[in-house]
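Chain and residue survey
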Amino acid sequence: MEIIKTQINVTITKTELNNIITEAMTDPLSSNAIKRILSPFIANSFPQFPDFTSVSIGDTDTDGITTVILKQPIKSAVKTTASIKSIEPTIEITDYVESTIA
């Protein structure tokens, strides 16, 4: 008799999961995907720095330590509503010649 299962349930401990994540973070391809997912969570995890919402996640070393840099987003300058004026003086042409080509 053969038993064929289409699904196998496996449980892992928190430590084992952390080890898998640490290993995945050392791989450049998988770490980029993980970093994109974690960035919003990390930005909201530091209530003592509410203005530092721009997150940069660095590399993970062999000990599993990942460097996270929190930055304040760059504030753009307020646009002025003043009209643009030319630097050159305005030239008025008073005499002109009108020509017609037949």
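Here is a short report on the structure shown in this document. The model shown is predicted, which means the values in this text are computed figures rather than measured ones. (Residues numbered from 1 in each chain as written. Predicted model: local features only at pLDDT ≥ 70, side-chain atom pairs only at ≥ 80, totals over all residues. Heavy atoms only, no water.)

Each helix and strand in the protein was counted, giving two helices and two strands. Moving toward the C terminus, one meets the helices and strands of the protein in the order α-α-β-β. Scored against the burial criterion, the 102 residues of the protein give a buried share of 8%. Taking all contacts inside the protein whose residues are at least 6 apart in sequence as the whole, residues at least 24 apart take part in 19%. When the accessible area of the protein is evaluated, it comes to approximately 10,200 Å², of which 58% is carbon and sulfur surface. (Helix = DSSP H or I, 4+ residues; strand = E, 2+ residues; numbered from the N terminus. Buried < 20%, exposed > 50% of the residue type's maximum accessible area, 1.4 Å probe, protein only. Contact = heavy atoms within 4.5 Å. Areas by Shrake-Rupley, 256 points an atom, 1.4 Å probe, with all protein chains shown as cover.)

Before going further, it helps to spend a moment on the environment of Asn44. Within the secondary structure, Asn44 sits in the loop between α2 (28-43) and β1 (54-60). Remark: the alpha-carbon pair of Asn44 and Val55, spanning 11 residues in sequence, is separated by 9.8 Å. There is a polar contact of 3.2 Å between the side chain of Asn44 and the backbone oxygen of Pro40. (Polar contact = N/O pair within 3.5 Å; in protein donor to acceptor, adjacent residues only side chain to side chain.)

Moving on, we come to the pairing of β1. Relative to strand β2 (residues 66-71), β1 runs antiparallel, the two being bridged by five bridges. For Ser54, the partnering residue across the bridge sits in β2 and is Lys71. Where β1 hands over to β2, the hairpin turn is made up of five residues, of which Gly64 adopts a positive phi near 90°. (Pairing = 2+ DSSP bridges.)

Inspection of the secondary structure assignment puts Ser56 in strand β1. Along the chain, Ser56 and Ala43 lie 13 residues apart, while their C-alpha atoms are 9.4 Å from each other. The residues contacting Ser56, other than those within four sequence positions of it, are Thr67, Val68 and Ile69.

By convention here, two paired aromatic rings are described through the distance between centres and the angle between planes. Across all of its chains, the model carries one aromatic pair by this definition. Ring geometry for Phe49 and Phe52: centres 5.9 Å apart, planes at 70°, overall edge-to-face. Given a relative accessible area of 37%, Phe49 falls into the partly exposed group. Residue Phe52 is classed as partly exposed on the basis of its relative accessible area, which comes to 29%. (Phe/Tyr/Trp six-rings, centres within 6.5 Å; stacked < 30°, edge-to-face > 60°.)

Our next topic: α2. Between its first and last C-alpha, α2 extends 21 Å over 16 residues, near the 22 Å set by a 1.5 Å rise per residue. In the structure, α2 departs most strongly from a straight axis at Ile37, where the bend amounts to approximately 35° and where the proline Pro40 lies between one and four residues downstream. Among the residues of α2, Ser31, Lys35, Ile42 and Ala43 are the ones counted as buried. Of the surrounding elements, those touching the buried residues of α2 are α1 (14-26), β1 and β2. (Expected span 1.5 Å × (residues − 1). Bend = angle between axes of the 7 residues up to and from the residue.)

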